[in-house]
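# Survey of secondary and tertiary structure
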Amino acid sequence: MIHFGIVLYDTALADIIRLFRSIEIACRQACYEFTVTFLRNSDEHLILPDEILNTTNIIEYTGNLGFGKGHNKIVESLNTGEGWYIGLNPDGFLSPWSLKELKQWKPTVDNFYEFQQHPQEHPKVFDRITGRTAWASGAAFLISLSLYRDLGGFDPMFFMYCEDVDLSWRVYERGGACYNMANALFFHDVCDNRESVTTVNQMLASQILLARKWGATRVAEEITARLRDNEQRNHLPKTQISELHGRKLRTKIPLFCNFSSPGLFSATRW
Amino acid sequence: MVSNQDDNTITYILRCHSVTCLPKLKTALLSVSGQRYPSLKALVAVQNLPTDEVGEITAAIDILRDVTGLDVDVTNFIFPEGGDYRGALLNRALETVRSRYVSFLDYDDVVYPNHAEILIRDLRADDHACLAASFGGCVQAFYDDLSNGAIYITSKAPFVRLPTVLSCIIENCFPIHSYVVDLTRLHYVPQFGESSPFLEDYVFLLDLLEHHCVSVVSAQTPVCEYRLNNDGSNTFSRGGRKSHNKHIGSADLRRVWAGIEQKKRTRCFRVPYDEILSHKTYETLSHQPLIRGVLVCYLAKRIRKRQGVAEAAKFLSDPKRYCRGLPTQRRSLLMRVFF
C-alpha cells in the first residue's frame, strides 16, 4: 500500500486536480493500492471537487505548520506503520509511468528515495547504476513508513527548506542511503523558485540551522553573515533563527555531510 | 494554414522518427503538458510509421492526456520510402496548424514550464504587425543514456553566450524549440529546408529573418533545453552548427553550407539597430584561431600524458563537446573557462 501525502499552501485548484489525477493514473498503471491525504496549511477558501473529497483524507487548517511538520502530521494521521509514504509538492505532478518505473528500483525499507525532477533536474551527482546520491529531495520522495516513524519524521525545527537534507543525513547516520530514481519523473516547475529575496533568506536561515545541527559551526557563521548582509541591503527585518536547545548536536561533521557547495550539499554535475 | 487572431492557443509540433524514440518523446510531451500557459495543443508528427507503431505512440499519449488534459494528436505523414524528410515533416505538420502560435520540439529535447508564457508575452508586448516570432534562451545539456530510457545529464551550459539576431544570421544559434511564431503575423510562411537532412532549421530561420522582425527580449532567459548525447548519436538529427561538426567531411553538408552562405550574401535581413551598434559583443574566442589552437594543443598534450592517445584523440575530434561532457570534477580550470 502506498500512502500519498500532500501539504497544500495557497495551491490552485487546477494544480490539485492535476496532481490527484496523476496519482490515480500512475497507481493504476503500476497496479498499486493507494490512499491520498491532503493537509491544508493555508486558510484560503478552496472548494475541492467531489471526486477528490470522496476518495481522499483532508486534514483541515490549524495554522501554517510548515513543510516538515505538515508531512509529520499526515503520517501521524495514517495510523499504520506499514507500507510506503510518498510525499509530493502540490505544484507538480507525477509522470503517469513513474510508479511503474519505481518497481525496477526495488526500494528497501532502510533507504530514502527521491523522484527525478523534470524538466529541470537538481544538479547534484548520483550514481549512474545504483542511483545513490548525497541526499533526497523533499519535492517528491518515497520512504517506508517504518523508517519515517523510527527517525521521527522531518525535524520540526525546520519550517521550510533543508528539512529533506537533514532527514537524508539521519538516514545515512542510521546506516541507510539515499537514492535518485532517474526514470521515475515528477514534473516540478522551478523556473523562478529562487527569485524573491524573502525566499533566499528563508533558505539561508534553514541552512544555518542545518550547519549548526551537523557541527559545521564555521559554515553557520559564514551563512549568518550572508543572511544579515542580504537583510541590510534589502531593508528587511532580521530573520529569527531558532535556538537548538536540548537537541542532539554533532561536534564533528560526519563524512556523509557535504558543506562545500553552499546550498547544494553535494558535488554537482554543473 | 488559416490562423485565427482571437484564438490564443499555441500548438507544439513534436518531431519523432520512430517508436524507439518513445521513452524520450514521453519526457518531451511531459514538459509540454506542464506549461504554465493555459491554452495548449500538441501535434506529434511522425513519418512513414506502420500502424502498430503509431498505435503504440497514441496509447502512451492517451494516458498523458488523461492526467493533464493536454489536447494532443499523432499524425503519420507519408513520404516516399528511403529518404530523410525531417524538414518536410515539419513543413507538412505546420500546414495543418490552425492555432495562432506555433513552436517546434524534437522528441529528445524539453521545454521549461515558462516557455510559452514568456515567448507569447514578448509577442503580445509589441503589437508591431511585422513582429512574427520571439526567441528565448536555450540551455544545452550533455547526457549519457542509462537503462530503461533514463538519462544522466553530465553538464549544462548556455547554448550561446550572447544570442542575438545578428549571431543567428552569422551562425545559427537558436534551436527549433527556442522560439514561438505568431502565424497571424506571417505575410510569408517560412519553410524548413527539404533538399537535405542538414541545417533544415537554419533555412527556416533565415527565411523568417528575411521577411519579419523578431523579438530577442528574452533571448537570455532559459526557456528550453537542447539535449545532446555524449556519444554523438543524436547529432545527426540536429540543425545548426552542432551537426556540421560531425559531418564536416560530408560533401552533402558542404553543399548545404555553400547554399546557405550564398543565401546570406544575396538577401537582406532585419537586424535591430541596437545590435548593429554593439556588434563587437559577438566577438568570441572561437574567432581567435591562434589562441584557440594553442589552447587545444596544450590540453590535448596534457590529456595524452595522463589518459593516453585514445582519450586525446577523442578530445581533438570535438574539444568543446568533450569538455562539456565531462563531470564537473574532471573539468580543469582551463576547460571550464574556455569551453
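Residues numbered from 1 in each chain as written. Chains lettered and ligands numbered in written order. Predicted model: local features only at pLDDT ≥ 70, side-chain atom pairs only at ≥ 80, totals over all residues. Heavy atoms only, no water.

## Overview of the overall build of chain B
Counting secondary structure elements, chain B contains 13 helices and nine strands. Across the 339 residues in chain B, those meeting the buried criterion constitute 57%. In chain B, the proportion of contacts linking residues at least 24 apart, taken out of those at least 6 apart, comes to 75%. (Helix = DSSP H or I, 4+ residues; strand = E, 2+ residues; numbered from the N terminus. Buried < 20%, exposed > 50% of the residue type's maximum accessible area, 1.4 Å probe, protein only. Contact = heavy atoms within 4.5 Å.)

## A short note on the overall build of chain A
Scanning chain A from terminus to terminus reveals eight helices and nine strands. Each principal axis of the C-alpha atoms in chain A carries an extent, and together these give about 50 × 45 × 35 Å. If you take every contact in chain A between residues at least 6 apart in sequence, the share linking residues at least 24 apart comes to 77%. Here chain A carries 28 positive and 31 negative side-chain charges, and the mean point of each set is 6 Å from the other. (Lys, Arg positive; Asp, Glu negative; His and termini not counted. Charge placed at Lys NZ, Arg CZ, Asp CG, Glu CD.)

## Points about the interface of chain B and chain A
Buried accessible area, meaning the area lost when the parts come together, often serves as the stated size of an interface. Counting residues at the interface gives 33 residues for chain B, matched by 29 residues for chain A. Between chain B and chain A, a total of about 2,900 Å² is buried, with carbon and sulfur atoms accounting for 63% of that surface. Contact with chain A buries area across many residues of chain B, yet L30, V67 and Y152 of chain B alone supply 23% of it, more than any other trio. If you look at where chain B meets chain A, you find two salt bridges. With a shortest N-O distance of 2.6 Å, D189 of chain A and R36 of chain B are connected by a salt bridge. Where chain B touches chain A, the interface holds six residue pairs in polar contact (both at pLDDT 80 or more). Counting only elements with at least two residues in the side of chain B that touches chain A, the list comes to α1 (22-33), α2 (51-68), β5 (110-111), β7 (151-158) and β9 (213-229) of chain B. In terms of residue class, the side of chain B that touches chain A is built from 14 nonpolar, twelve polar and seven charged. (Buried area = accessible area lost by both parts, 1.4 Å probe. Salt bridge = Lys/Arg side-chain N within 4 Å of Asp/Glu carboxyl O. Polar contact = N/O pair within 3.5 Å; in protein donor to acceptor, adjacent residues only side chain to side chain. Nonpolar A, V, L, I, M, F, W, Y, C, P; charged D, E, K, R; others polar.)

## Here's the deal with helix α8 (residues 217-233) of chain A
Residues and elements named next belong to chain A. For α8, with 17 residues, the first-to-last C-alpha span of 24 Å sits near the 24 Å given by 1.5 Å per residue. Taken together, the buried positions of α8 are occupied by A220, I223, T224, L227, N230 and E231. Each buried residue of α8 lies within a common arc of 125° when the element is viewed along its axis, so the set occupies one face. Turned more than 90 degrees away from the buried face of α8 sit R218, E221, Q232 and R233, all of them exposed. On its buried side, α8 packs onto α7 (197-213). Looking one or two places after α8, you find H235, whose phi comes out positive at around 55°. (Expected span 1.5 Å × (residues − 1). Arc of directions from axis to C-beta.)

## Concerning the pairing of strand β2 (residues 34-40) of chain A
Residue and element names in this part refer to chain A. Among the seven residues of β2, five are classified as buried, and the element is accordingly described as predominantly covered. Note that strand β1 (residues 2-8) and β2 share seven bridges and pair parallel. Within β2, the residue paired with F4 across the bridge is V36. Between β1 and its parallel partner β2, the chain crosses via helix α1 (residues 13-30), and the hand of that crossover is right-handed. For β2 and strand β3 (residues 57-59), the ladder comprises three bridges, and the chain directions are parallel. Following the sheet pairing, T37 is matched in β3 by N57. (Pairing = 2+ DSSP bridges. Right-handed = clockwise from strand over helix to strand, strands pointing away.)

## What about the packing of aromatic side chains?
All names here are of chain A. Applying the stated rule across the entire model yields 26 aromatic pairs over all chains. Ring geometry for W169 and W214: centres 5.6 Å apart, planes at 85°, overall edge-to-face. Separated by 45 residues along the polypeptide, W169 in helix α6 (residues 163-173) and W214 in the loop between α7 and α8 bring together distant segments of the chain. Residues W169 and W214 agree in their burial class; the two are buried. Connected via pairs of aromatic rings, a cluster forms that spans F67, Y85, F112, F141, Y148 and F154. It is K124 that lies over the ring of W135; its NZ or CZ is 4.9 Å from the centre. A cation sits over an aromatic face here: R250 above W214, 3.9 Å from the ring centre. (Phe/Tyr/Trp six-rings, centres within 6.5 Å; stacked < 30°, edge-to-face > 60°. Lys NZ or Arg CZ within 6 Å of the ring centre and 35° of its normal.)

## A word on the environment of E261 of chain B
Tracing the sequence through the fold places E261 of chain B in helix α8 (residues 251-266). For E261 of chain B and I291 of chain B, which are 30 residues apart along the polypeptide, the C-alpha to C-alpha distance reads 26 Å.

## Remarks on the pattern of salt bridges
Residue and element names in this part refer to chain A. Tallied over the full model, the rule gives 32 salt bridges over all chains. D150 is the partner of R174 in a salt bridge, and the nearest nitrogen-oxygen pair spans 3.0 Å. With R174 in the loop between α6 and β9 (178-188) and D150 in helix α5 (residues 145-151), this pair connects stretches of sequence that are 24 residues apart. Looking at D150, the relative accessible area reads 54%, which means it is exposed. Counted as one network, the salt bridges with shared partners bring together D155, D166, R170 and K213.

## Details of a nonpolar patch on the surface
On the surface, a cluster of nonpolar side chains totalling about 350 Å² of accessible area is made up of Y273, I276 and L277 of chain B. Within the fold, Y273 of chain B resides in helix α9 (residues 273-277). (Patch = residues over 30% accessible without salt bridge, like charges linked within 9 Å, V, L, I, M, F, W, Y side chains within 5 Å. Areas by Shrake-Rupley, 256 points an atom, 1.4 Å probe, with all protein chains shown as cover.)

## Considerations on the pairing of strand β4 (residues 101-106) of chain B
All names here are of chain B. Taken across its six residues, β4 has six buried, putting it largely inside the fold. Here β4 shows no split at all, with Y101, S103 and L105 on one side and V102, F104 and D106 on the other all buried. Two strands pair when backbone bridges link them, and β4 and strand β8 (residues 179-182) are joined in this way by two bridges, in the antiparallel orientation. Among the inter-strand pairings, V102 is bridged to a residue of β8, identified as V181.

## Quick notes on the confidence of the model for chain B
Residue and element names in this part refer to chain B. Looking at chain B as a whole, the pLDDT averages 86, with 90% of positions reaching at least 70. β5 holds the highest mean pLDDT among the elements of chain B, 98, whereas helix α7 (residues 241-246) holds the lowest, 44. In the predicted structure, residues 236-248 sits below a pLDDT of 50 and forms 43 contacts with residues beyond four places in sequence or in another chain. Reported confidence for the predicted complex is 0.93 by ipTM and 0.88 by pTM. (pLDDT = per-residue confidence, 0-100.)

## Some remarks on unusual backbone geometry
Peptide bonds are, in most cases, trans, and in most cases residues other than glycine have a negative phi. Residues and elements named next belong to chain A. Note that the residue after H118, namely P119, is joined by a cis bond; omega there is 0°. As for its position among the elements, P119 is in the loop between β6 (112-118) and β7 (132-133). Despite not being glycine, N79 shows a phi value in the positive range, around 55°. Relative to the helices and strands, N79 is located in the loop between α3 (67-77) and β4 (84-88).

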